[in-house]
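So you can see what is in the structure, the chains are spelled out below.
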Amino acid sequence: MVNEIDFDKPVLELRKKIAELREFTRDSDVDLTDEIDKLEKRLEKLENEVYENLAPWDRVQIARNSNRPTTLDYIQYLFTDFIELHGDRVFGDDKAIVGGIAKYKGLPVTVIGHQRGRDTKENIYRNFGMPHPEGFRKALRLMKQAEKFERPIICFVDTKGAYPGKAAEERGQSEAIARNLFEMAGITVPIICIVTGEGGSGGALGLGVGNRIFMLENSVYSVISPEGAASILWKDTSLSKKAAEAMKITASDLLEFNIIDEIIPEVKGGAHKDIERQAEFIDPILYQALKELTELTQDERVKDRYDKFRQMGKFIETKEPEKSPIKS
């Protein structure tokens, strides 16, 4: 689990010092108001220096923080009347993906998302947020149900990736992910995807085919982890920081490549600093996306999703080289 963030330590230490001085002032007759004011100004300046100049690897650390809000946290603050639904009707219930029906400002919706734990016991229960195939099949079952009852679908993406174990492969991991990609492309109700932490490879894509894809400011989205990329490219996981910069996995990079539609700002220091306020940042963007998509017809939503994925990325078109007149 990741709680300590290297670049964050000076900020945390200064906050702790200010809190100690305030407590000391309350319990004694010594007036330290001027000293506290100076430290608070220094803290504000330090926070701006630290949080407004984050490197890709810094954002990876924030995205992995064990206190970062989960799908169930956001459900608590953004939706009402949530009823969790379980099982894929084939094998079992995967705790790494949660989903169910809820209301968003009175509108019935289906909410689905990866769910990891905050401590060792909960992470084992949730399989560290890495789904088995039954998790993706449960998600697809809920999506098809949402389509039947014309409920918009909201997906929260936060996983290191699909579980790579033997049992998952035996039960059809890659087929389950591929099936979700295929089916989500043609679902007629609005699909909105929000990357809230790590968007890791196929595990993220299995919930990631939407009309609108948003990313929190400090989340990441990639085909492989920086550690995995460093291991493959340079045979050295200590070069993960270099890999994170080369891979273009941050929200700003992916917005530039048309992979996502918009960046959702975060609470200073990361979403885990104030979950309720972070939900308030998500709310207007979610509301606007739903408003736009519910006004489209079913065919227009499918076409909108198709066009979105066709326009992703950047490429340079070159002329085809002339064929040599000499036969080989």
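Everything numeric in this text was worked out from a predicted model, so none of it was measured.

The rules behind each value
- Residues numbered from 1 in each chain as written.
- Predicted model: local features only at pLDDT ≥ 70, side-chain atom pairs only at ≥ 80, totals over all residues.
- Heavy atoms only, no water.
- Core = buried A, V, L, I, M, F, W, Y, C linked by side-chain atoms within 4.5 Å.
- Buried < 20%, exposed > 50% of the residue type's maximum accessible area, 1.4 Å probe, protein only.
- Helix = DSSP H or I, 4+ residues; strand = E, 2+ residues; numbered from the N terminus.
- Contact = heavy atoms within 4.5 Å.
- Disulfide = S-S within 2.5 Å.
- Phe/Tyr/Trp six-rings, centres within 6.5 Å; stacked < 30°, edge-to-face > 60°.
- Lys NZ or Arg CZ within 6 Å of the ring centre and 35° of its normal.

S.K.: How do you make sense of the nonpolar core when you look at a structure like this?
M.R.: Membership of the largest hydrophobic core comes to 28 residues, with the highest contact counts inside it found for Ile112, Met143, Ile153, Cys155, Leu207 and Met215. Of all the elements, helix 6 (residues 133-148) adds the most residues to this core, at five residues. Cys155 has contacts with Ile112, Met143, Ile192, Cys193, Ile194 and Leu207, leaving out every residue within four places of it along the chain. With 23 residues, the next largest nonpolar core counts Val111, Ala271, Leu286 and Leu290 among its residues.

S.K.: How should the state of the cysteines be read in this particular structure?
M.R.: In this structure the tally under the stated criterion is zero disulfides. Left unpaired, Cys193 is separated from the closest cysteine sulfur, that of Cys155, by 4.8 Å.

S.K.: Which parts of the structure should I look at to understand the packing of aromatic side chains?
M.R.: Counting across every chain of the model gives three aromatic pairs. A centroid spacing of 6.4 Å and a plane angle of 80° characterise the contact between Phe79 and Phe156, whose relative ring orientation is edge-to-face. Residue Phe79 is located in the loop between helix 4 (71-78) and strand 1 (80-84), and its partner Phe156 is located in strand 4 (residues 153-159); the two are separated by 77 residues in the primary sequence. Considered together, Phe79 and Phe156 belong to a single accessibility category, that of buried residues. Directly above the ring of Phe91 sits Arg171, whose terminal nitrogen or CZ lies 4.1 Å from the centroid. The lysine or arginine in question, Lys242, covers the ring of Trp234, its NZ or CZ lying 4.5 Å from the ring centre.

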